[in-house]
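# Observations on the model geometry
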Amino acid sequence: MAVLKNAGVTHTPKLICTNAMANFLLPTLESHKLVSLLYHFHRNIARAQAKNAHAASADIYFTELVLSSLMDLANSQGYEISDVESLYEFSQMARIPTHLSFGKHKGEAIVDLAASSEGAGYIRLLA
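Being a predicted model, the structure only gives us computed values, none of them experimental.

Time to look at the overall build of the protein. A tally of helices and strands in the protein yields 8 helices and 0 strands. When the helices and strands of the protein are placed in sequence order, the string is α-α-α-α-α-α-α-α. Dimensions of the protein, computed from C-alpha atoms along their principal axes, come out at roughly 50 × 35 × 30 Å. Here the protein, with 127 residues, has 29% of them falling under the buried criterion. For the protein, long-range pairs separated by at least 24 residues make up 48% of all intrachain contacts whose partners lie at least 6 apart in sequence. Surface summary for the protein: the accessible area is close to 8,300 Å², and the carbon and sulfur share equals 57%.

Residues M21, L25, L26, L70 and F90 are the most contacted members of the largest nonpolar core, which totals 22 residues. At 8 residues, helix α5 (residues 56-76) tops the list of elements feeding residues into this core.

The next thing to look at is the side chain of S91. With respect to the helices and strands, S91 occurs in helix α6 (residues 84-94). By relative accessible area, S91 is classed as buried at 0%. In contact with S91, other than residues within four places in its own chain, are L15, I16, C17, A20 and M21.

On to the packing of helix α3 (residues 34-41) against α5, then. Orientation of α3 relative to α5, taken along the N-to-C sense of each, is 55 degrees, at an axis distance of 9 Å. The angle between α3 and α5 places the two elements in the oblique class. In terms of crossing hand, the pair formed by α3 and α5 is left-handed. Counted together, L34, L37, L38 and F41 of α3 and D59, F62, T63, L65, V66, S69, L70 and L73 of α5 form the full contact between these two elements.

How each quantity is defined
Residues numbered from 1 in each chain as written. Predicted model: local features only at pLDDT ≥ 70, side-chain atom pairs only at ≥ 80, totals over all residues. Heavy atoms only, no water. Helix = DSSP H or I, 4+ residues; strand = E, 2+ residues; numbered from the N terminus. Buried < 20%, exposed > 50% of the residue type's maximum accessible area, 1.4 Å probe, protein only. Contact = heavy atoms within 4.5 Å. Areas by Shrake-Rupley, 256 points an atom, 1.4 Å probe, with all protein chains shown as cover. Core = buried A, V, L, I, M, F, W, Y, C linked by side-chain atoms within 4.5 Å. Axes fitted to C-alpha atoms, helices over the stretch in contact; angles between N-to-C directions. Parallel < 35°, antiparallel > 145°, perpendicular 65-115°, else oblique. Left-handed = near helix turned anticlockwise from the far one by under 90°.

Next up, the structure:
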């Protein structure tokens, strides 16, 4: 966003969070970093091009591949992402955590943890 602002863009675009989408759709994945997601969805491309990670053009390409794969996964799970607005709405919904992304309960559904005495105690500690 800073790059856009420095380039003179004055409006604030709606932001899509691929990290939130990945956490929501793939809660048990070891890592949700861009290169990790690229390896998850496109192993051959990742092996060939991951050395270019953090170069702007490579990051744009990797993000495009990962975002497309996340949208396909979401659609296959019954969500309907068909345009930019529905993509934005899904991204916003995905920002609300459903699974823990850290600690000894990483990848576990918050609702399942809350149903057990040990999990409920752990959640109380987090709050």
